[in-house]
Amino acid sequence: MMGNAMMNAAIMKDTLHIDVEQVERPVPGPDEALIKVACIGICGSDIHYYEHGRIGRYVVEEPLILGHEVAGTIVEVGAKVSNVAVGDRVAIEPGVPCGRCDYCKGGKYNLCPDVFFLATPPDNGAWADYIVMRSDALFKLPDTMSFEEGALLEPLSVGYHAMNRANVRPSDKLFITGLGPIGLLAIQAAKLFGVQEIYASDVVAYRREVALQMGATAVFNPLEDQIPEALARLTDNTGIDVIIESSGNHSSISSTVNVVKRGGRIVFVGLPPENKVLLDVDKIIDSELNIYGVFRYANTYAAAIQAYAKSDLNMSEIITHQFDLQDISEALQLSRTQKDKAIKVMIYPKSE
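Computed from a predicted model, the values in this text were never measured in an experiment.

Judged by pairing direction, the sheet is antiparallel, and its three strands sit side by side in the order β2-β1-β6 without closing on themselves. The open sheet has two edge strands with one neighbour each: β2 (17-24) and β6 (64-65). In this structure, strand β1 (residues 6-14) lies alongside β2, joined through eight bridges in antiparallel fashion. Bridged to Ala-9 within β2 is Glu-21.

The following block contains the structure:
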């Protein structure tokens, strides 16, 4: 039906080099839908690919379309699609697993070795006017949720998955280190799990302010504050049950084992620049600590939409800047260099 129609896409040709060009608009297969993109966030991983051309074992070898935090409207569906229809507003889960391996069958489809994941080389992402996705990766947005909130379900899902991993309960006292988009949305994820006491730290004053706005109980500057003492005082010496480490900072990662209470849980989310970090194993054993890694998320979208739509939270508070797709270079430059002002930058394709 829409054979050789063209669209705009932002294509990364080389590190620090991205151009908006006309490419062929994709056509949905039988179990896919074509989505007109409403908005897409810039994620830390997008910036990392843009700056360095790789993240660990994922290397950009061909020109690549980045972007994976995305929401839009369905404009065409394949013959076998029944869960969504033309006109539906949807959030897009960026990972499409094989559905057949042991990980998929066991419910841990985020660990699927054959996953297609937007903007992870060699898979193209969503910085474009349109995108095709398998329909089971599409989730209808309630009328109360904006496209922006739909796009932010992706980073929210990381925090939501972290709460699931650590089996977080409303009575838990949480400490979140690092207040980029993931850390800030982890505050809201914790609130969706009923948590009342949420402490947080970051070196950037502006991010600490936003954390308080989003419902943190108290915030700290790790360069100035004596955090373990402050937390002991604030929790009446009962201690921190769960730490969500989303800064990726070496000393922050190492210190988690000294900040969490005995028998507590630590969730590692932030990736350190070099992957060797010292952890006090005596302390882990003596305190019987539970340590969890988080790789993306699984089974979060439907649950997060339901919980969030019935809450009084507002994820959009983390959006600090908005740009047209045509101005993607400027948007990336801002995201890279203005960490004290920019938190989440949102991109809008304006095709028609």
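We now examine unusual backbone geometry. Where the residue is not glycine, phi is negative for most of them; where a peptide bond is considered, it is trans in most cases. For the bond from Pro-121 to Pro-122, the omega torsion is 5°, close enough to zero to count as cis. One can find Pro-122 in the loop between β10 (116-117) and β11 (130-134). Positioned with a positive phi, Ala-119 is a non-glycine residue whose angle comes to about 65°. Positionally, Ala-119 belongs in the loop between β10 and β11. Residue Ala-119 is classed as buried on the basis of its relative accessible area, which comes to 2%. Residue Asn-299 is not a glycine yet carries a positive backbone phi of 60°. By secondary structure assignment, the location of Asn-299 is in the loop between β18 (290-293) and α9 (301-309).

This paragraph deals with the packing of helix α4 (residues 181-192) against helix α5 (residues 205-213). The contact between α4 and α5 brings their axes to 10 Å, and the two run at 15°. Taken together, the axis directions place α4 and α5 in an arrangement best described as roughly parallel. The two elements α4 and α5 meet at a crossing, and its hand is right-handed. The residues of α5 that touch α4, namely those facing Pro-181, Leu-184 and Ile-187, are Arg-207, Val-210 and Ala-211. In the contact of α4 with α5, the residues fall into five nonpolar, no polar and one charged.

This part takes up the pattern of salt bridges. Following the criterion strictly, the structure yields nine salt bridges and no others. With a closest N to O distance of 3.8 Å, Lys-13 and Asp-19 form a salt bridge. Taking relative accessible area as the criterion, Lys-13 reaches 38% and is therefore assigned partly exposed. Lys-344 serves as the salt-bridge partner of Glu-69, at 2.9 Å between the closest nitrogen and oxygen. On the criterion of sequence distance, the pair formed by Glu-69 in strand β7 (residues 69-77) and Lys-344 in strand β20 (residues 344-348) is long-range, its members being 275 residues apart. Exposure class is identical for Glu-69 and Lys-344. Each is buried. Taken together, the shared-partner salt bridges connect Lys-13, Asp-19 and Glu-21 into one network.

Take the UniProt feature "domain: Enoyl reductase (ER)" (unreviewed entry) in the chain next. Residues annotated by UniProt as "domain: Enoyl reductase (ER)" (unreviewed entry) correspond here to residues 13-347. End-to-end, the C-alpha atoms of residues 13-347 are 19 Å apart, and along that stretch the chain is 29% helix and 28% strand.

For the structure shown, the criterion picks out four aromatic pairs. Taking the centre distance of 6.1 Å and the plane angle of 55° together, the rings of Tyr-297 and Tyr-301 count as tilted. Its relative accessible area of 3% is what places Tyr-297 among the buried residues. Take Tyr-301: its relative accessible area is 1%, and that puts it in the buried class. A cation sits over an aromatic face here: Arg-25 above Tyr-130, 4.0 Å from the ring centre. Above the plane of the ring of Phe-117 lies Arg-296, whose end atom (NZ or CZ) is 3.6 Å from the centre.

Conventions we followed
Residues numbered from 1 in each chain as written. Predicted model: local features only at pLDDT ≥ 70, side-chain atom pairs only at ≥ 80, totals over all residues. Heavy atoms only, no water. Pairing = 2+ DSSP bridges. Helix = DSSP H or I, 4+ residues; strand = E, 2+ residues; numbered from the N terminus. Buried < 20%, exposed > 50% of the residue type's maximum accessible area, 1.4 Å probe, protein only. Axes fitted to C-alpha atoms, helices over the stretch in contact; angles between N-to-C directions. Parallel < 35°, antiparallel > 145°, perpendicular 65-115°, else oblique. Left-handed = near helix turned anticlockwise from the far one by under 90°. Contact = heavy atoms within 4.5 Å. Nonpolar A, V, L, I, M, F, W, Y, C, P; charged D, E, K, R; others polar. Salt bridge = Lys/Arg side-chain N within 4 Å of Asp/Glu carboxyl O. UniProt positions renumbered as here; feature names shortened; annotations may be inferred. Phe/Tyr/Trp six-rings, centres within 6.5 Å; stacked < 30°, edge-to-face > 60°. Lys NZ or Arg CZ within 6 Å of the ring centre and 35° of its normal.

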